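# Architecture at a glance
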Amino acid sequence: MSTDKVYVTDFGAAPGTGKVLTKAFQNAIDRCFLSGGGEVLVPSGEYIIGDIRLRSNVTLHLMEDAKLMGSKNPKDYMNIYEDELEPLPKEQATKAIWYRPGEWTKMGGGFKKHLYTAGSYWNYGMIRAVYAENIAIIGEKGSVIDGRNVYDPDGEEEYRGPHGINMHFCKNVRFDGYTVVDAGNWAHAIFQSENISFENLTVVRGHDALHTRACDNVLINNCKLETGDDCIAGFNNNNVVIKNCELSSACSAFRYGGNNVLIENCKVYGPCKYQFRGSFAIEDKVAGALYSENGRNNLLSFYTNFVSDDLPVKIAPGKIVVRNCSVKGADRFLHLNLSGNEPWQRGNAPTDITFESIKAEGIEKGLTAYGNGEPDFSLKLKNIDYTVREGSEKEPFMRVANFEKIELKNVRIYNYKGEALVKSWSEGGEIICENVEYDAENIPVKINAKETFECNVI
């Protein structure tokens, strides 16, 4: 691999001009790629771009105080369709548009071209990569990728614009050191790729901060994510380590699924100081506003199970461990709802989830773990300090169904006055309690529910 260094300014990318500089950036990347690889350097200043495509063996290096600004025109993100150097394969150049989940259900569900073909309209973004290897985006102090909350009536939910970074079928990818603000859709949308590292990143506002789907060998380390949408999301992932992160969300801190997932040493808190853009008034979405009068910012969930029948399962989900973490102000501690009413929870339950050494404060609705029996799952809570939010003392601590085993060991629950520890909507299942303490007196460990199970979609 070459170690050539080229500057975007040598290709006509002058900062602060107000002009869209996509072509100059792409020419610099292509020159580096054709010479065998190296670094494309972006000096200090503001540069407006549409979509640029990163290629194999190329690092995009944002120098101190370099700022990439997304064009406000959604049509400036279509350059990948004109790429003559590495044309998209026909099966990837679909230009497929986004449909609402209910529309996909009516159409039979299954494979969603708008999500999983790199050339769909939904997959447009500021920085893109397809079938690339050994690539990186790195940033120095003060470096920013600013999506500018681009409004697109043809985008997801009739308002979302381009992603910050979108990649498909890539290998050996590194993201390090920069900040993403106000991404029009997800800050990072990484699909069907492997050997991915996110380190020392900051994501502010926008939608999902770090989203991986069907990815292998993922590291997320030392990131600060304060988003109106999910902080860390994705499913069908394998071999994932998430550690040393600070997370605040107006949706779920973790909306994640996969096999062999370890989350440790993370701090989670809500409510988020930024609002979920989906709750904005339409005029605020159009204007790219940072705040809407009726916008909400409550943290819906600490950990939400994410499973979907969108893609074939590579490895059955399970071996999910969350340990040495704190969470404050979440509406739910765990949200696993395979009862059938959620479009983002369709598929198999994880075989097992473990929460260990967690301090949880101000939790409203406890834990929901409703499986579908494919398979019956196991849930373990060990060394947990858990405080119920004021006014929610009688909410069930756990609402469950179709489980194989629930283990509660060294669990302390404060401000709880519910009718039982576990309320179940299925027969069977083993419950093991060891050194469990709670305020309520003379309540059973488990009762069987008589009412129909209901659960809000999140």
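Relevant structure appears above.
Remember, it's a predicted structure, so these values are computed and weren't measured experimentally.

About the criteria used
- Residues numbered from 1 in each chain as written.
- Predicted model: local features only at pLDDT ≥ 70, side-chain atom pairs only at ≥ 80, totals over all residues.
- Heavy atoms only, no water.
- 1 Å grid on protein atoms, 1.4 Å probe; cavity = no way out; pocket = protein on both sides within 12 Å on 5 of 7 lines; lining within 4 Å.
- Points joined across faces, edges and corners; volume = space filled by probe spheres on them.
- Helix = DSSP H or I, 4+ residues; strand = E, 2+ residues; numbered from the N terminus.
- Nonpolar A, V, L, I, M, F, W, Y, C, P; charged D, E, K, R; others polar.
- Expected span 1.5 Å × (residues − 1).
- Buried < 20%, exposed > 50% of the residue type's maximum accessible area, 1.4 Å probe, protein only.
- Contact = heavy atoms within 4.5 Å.
- Lys, Arg positive; Asp, Glu negative; His and termini not counted.
- Salt bridge = Lys/Arg side-chain N within 4 Å of Asp/Glu carboxyl O.
- Disulfide = S-S within 2.5 Å.
- Core = buried A, V, L, I, M, F, W, Y, C linked by side-chain atoms within 4.5 Å.
- Pairing = 2+ DSSP bridges.
- Phe/Tyr/Trp six-rings, centres within 6.5 Å; stacked < 30°, edge-to-face > 60°.
- Lys NZ or Arg CZ within 6 Å of the ring centre and 35° of its normal.

### Some remarks on the layout of surface pockets
In this model, the largest pocket occupies a volume close to 560 Å³. Every residue lining the largest pocket is counted, 28 residues in all, and those nearest its centre are Pro 101, Glu 156, Glu 157, Arg 160 and Trp 344. Of all the elements in the fold, those that place two or more residues in the lining of the largest pocket are α2 (101-106), α3 (113-116) and β16 (210-213). Residues of the lining of the largest pocket, tallied by class, amount to 15 nonpolar, two polar and eleven charged.

### Topic: empty space enclosed by the protein
In the structure shown here, the tally under the stated rule is five cavities of 30 Å³ or more. Estimates place the volume of the largest cavity at around 80 Å³. Around the largest cavity, the lining residues are Phe 235, Asn 236, Gly 257, Gly 258, Phe 306, Val 307, Ser 308, Val 313 and Pro 317. When residues of the lining of the largest cavity are traced back to their parent elements, those giving at least two are β19 (232-243) and β21 (252-264). Each residue belonging to the lining of the largest cavity can be placed in one class, and the counts come to five nonpolar, four polar and no charged.

### Observations concerning helix α1 (residues 22-34)
When the terminal C-alpha atoms of α1 are compared, their 18 Å separation across 13 residues agrees well with the 18 Å that a helix rising 1.5 Å per residue should span. Inspection of α1 places Thr 22, Ala 24, Phe 25, Gln 26, Ala 28, Ile 29, Asp 30 and Cys 32 among the buried residues, and these make up the whole buried set. As for α1, its buried residues are in contact with β1 (4-7), β2 (38-42), β3 (45-49), β4 (52-53), β5 (58-62) and β6 (66-70). Just beyond α1, the residue with positive phi is Gly 36, at close to 110°.

### Describing the side chain of Lys 285
Within the secondary structure, Lys 285 is located in helix α4 (residues 282-287). Glu 157 is the oppositely charged side chain nearest to the buried, salt-bridge-free Lys 285, at an N-O distance of 6.3 Å. Setting aside its immediate chain neighbours within four residues, Lys 285 contacts Tyr 151, Tyr 159, Arg 277, Gly 278 and Phe 280.

### Comments concerning the pattern of salt bridges
Scanning the model with the defined rule gives 25 salt bridges in all. The salt bridge involving Arg 128 is made with Asp 51; its shortest N-O contact spans 3.8 Å. Here Arg 128 is found in strand β7 (residues 125-130), whereas its partner Asp 51 is found in the loop between β3 and β4, with 77 residues between them in sequence. Given a relative accessible area of 1%, Arg 128 falls into the buried group. The closest approach of N and O atoms between Arg 160 and Glu 156, which form a salt bridge, is 3.8 Å. Residues participating in the shared-partner salt-bridge network are Asp 30, Arg 53, Arg 55, Asp 83 and Glu 86.

### Brief notes about the environment of Ala 233
With respect to the secondary-structure elements, Ala 233 resides in strand β19. Residues Ala 233 and Leu 408 lie 175 residues apart in sequence; the distance between their C-alpha atoms is 27 Å. Non-local contacts of Ala 233, meaning those with residues more than four positions away in its chain, are made with Asp 208, Leu 210, His 211, Thr 212, Arg 255 and Tyr 256.

### Re the state of the cysteines
Tallying each qualifying case throughout the model produces zero disulfides. Between Cys 215, a free cysteine, and Cys 170, which holds the nearest cysteine sulfur, the sulfur-to-sulfur gap is 9.3 Å. Of the cysteine sulfurs around Cys 266, a residue in no disulfide, the closest is that of Cys 245, at 4.7 Å.

### Observations regarding the nonpolar core
Core analysis: the largest hydrophobic core is formed by 106 residues, its most contacted members being Phe 302 and Phe 355. Element by element, the count of residues in this core is highest for strand β28 (residues 377-388), at six residues. For Phe 302, the residues in contact, after removing those within four places along its chain, are Ala 253, Phe 254, Val 268, Val 322, Cys 325, Val 327, Ala 330, Arg 332, Phe 333, Phe 355 and Ile 358. Trp 98, Trp 186, Ala 189 and Ala 214 belong to the second-largest nonpolar core, a separate cluster that totals eleven residues.

### Focus on the pairing of β16
Both faces of β16 are covered, namely the face carrying Leu 210 and Thr 212 and the face carrying His 211 and Arg 213. As paired strands, strand β13 (residues 188-191) and β16 are joined by four bridges and run parallel to one another. Counterpart to Phe 191 in the pairing with β16 is Arg 213.

### Structural notes on unusual backbone geometry
Between Gly 270 and the following residue, Pro 271, the backbone shows a cis peptide bond with an omega angle of -5°. Here the bond from Glu 374 into Pro 375 is cis, since omega is -5°, no more than 30 degrees from zero. When you line up the elements, Pro 375 lands in the loop between β27 (367-370) and β28. Positioned with a positive phi, Asn 239 is a non-glycine residue whose angle comes to about 65°. Note on Asn 239: relative accessible area 30%, which makes it partly exposed.

### Points about the packing of aromatic side chains
Following the criterion strictly, the structure yields 22 aromatic pairs and no others. An angle of 75° between the planes, with centres 5.8 Å apart, marks the rings of Tyr 116 and Phe 191 as edge-to-face. A residue pair is termed long-range when its members are at least 10 positions apart, and Tyr 116 in helix α3 and Phe 191 in strand β13 qualify at 75 residues. Phe 191 matches Tyr 116 in its accessibility class, with the two residues each being buried. Aromatic side chains Phe 306 and Trp 344 sit 6.4 Å apart centroid to centroid with 80° between the ring planes, which places their arrangement in the edge-to-face category. A residue pair is termed long-range when its members are at least 10 positions apart, and Phe 306 in the loop between β23 (299-305) and β24 (318-328) and Trp 344 in the loop between β25 (330-337) and β26 (352-363) qualify at 38 residues. Judged by relative accessible area, which is 4%, Phe 306 ranks as buried. Through a chain of ring-to-ring contacts, the aromatic side chains of Phe 254, Phe 302, Tyr 303, Phe 333, Phe 355, Tyr 386, Phe 397 and Tyr 416 assemble into a single cluster. When the ring centre of Tyr 81 is taken as reference, the NZ or CZ atom of Lys 95 above it lies at 4.7 Å.

### Regarding the pairing of β3
With four of five residues buried, β3 is to be regarded as a mostly interior element. Inspection of the sheet shows β3 paired to β6 by five bridges, in the parallel sense. Bridge pairing links Glu 46 to Lys 67 in β6.

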